[in-house]
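Working through the structure, step by step
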Amino acid sequence: MKGKFVTFEGCEGVGKSRQIKMLEEYLAAAGKEYFFTREPGGTVISEKIREIILDKDNATMTGECEALLYAAARAQLLKERVAPELAAGKLVICDRYIDSSFAYQGRGRGLGYEFVAAINDYAVKNFMPDCTLFLDLPPERAFLRKGGADKQDRVELSGADFHARVYEGYKELAQKYGERIAVIDSSGTREQTHAKIIAALKERGII
Ligand code: TYD
């Protein structure tokens, strides 16, 4: 793994997409090469798995099935896109990764850390991020920013308690993996959050 691997994490509506776009613009302006992808998705097969996971009609999907599908989509993305880009020395930026599974399935669905770690051992092998940017904003505040309940997918519709547990899960991960996970206070303006992200990446020698 020659390149650097950066992942974005956070609850729904924290402004992750906007921050990724701002980082992409920053990198492009600085003439830095990067490869951007997202989870679940990023390959034809992984996007098909994404459709199954997020489909509101799949209301009876078990937590176990959900966790395995995320891991399957991840395994495909890793081997098909992420690993080759890292081998070529690129900076790889991924919108969500294994920490989403720990927070959403492990904590939110209550499957536990060990279960998620075990199935992701197969999916992830040794490809852990060099830096994970956790956009820290409690779900009740993030939801206010996002709005539009009619546009929500199956995971987003899981209820306030679920999303509160996801947030707690992220906080626990940030404590446990303090070196890898940079906690980015996202309660300010988008420009302030962007500046914190750039500072965190520079501090870690990523950019
Ligand atoms: P998406 O629309 O991409 O959400 P966001 O813009 O918030 O990233 O949908 C991805 C959903 O999948 C999101 O609700 C988080 C969830 N998810 C998990 O539950 N586990 C995972 O391992 C991953 C990667 C995502």
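Residues numbered from 1 in each chain as written. Predicted model: local features only at pLDDT ≥ 70, side-chain atom pairs only at ≥ 80, totals over all residues. Heavy atoms only, no water.

1. With respect to the overall build of the protein
- A count of helical and extended segments in the protein gives eight helices and five strands.
- Its helices and strands taken in sequence order, the protein reads β-α-β-α-α-β-α-α-β-α-α-β-α from the N to the C terminus.
- Taking 17 Å as the expected radius of gyration for a compact globule of 207 residues, we find that the protein reaches 16 Å, a close match to that expectation.
- With respect to the three principal axes, the spread of C-alpha positions in the protein is 45 × 35 × 30 Å.
- Residue burial in the protein is summarised as follows: out of 207 residues, 48% are buried.
- Of the contacts made within the protein by residues no fewer than 6 positions apart, 80% connect residues no fewer than 24 positions apart.
- For the protein, the computed accessible surface area is about 10,000 Å², with 52% contributed by carbon and sulfur atoms.
- Here the protein contributes 31 positively and 31 negatively charged side chains, and the mean placements of these two sets differ by 3 Å. (Helix = DSSP H or I, 4+ residues; strand = E, 2+ residues; numbered from the N terminus. Rg over C-alpha atoms; globule rule 2.2 N^0.38 Å. Buried < 20%, exposed > 50% of the residue type's maximum accessible area, 1.4 Å probe, protein only. Contact = heavy atoms within 4.5 Å. Areas by Shrake-Rupley, 256 points an atom, 1.4 Å probe, with all protein chains shown as cover. Lys, Arg positive; Asp, Glu negative; His and termini not counted. Charge placed at Lys NZ, Arg CZ, Asp CG, Glu CD.)

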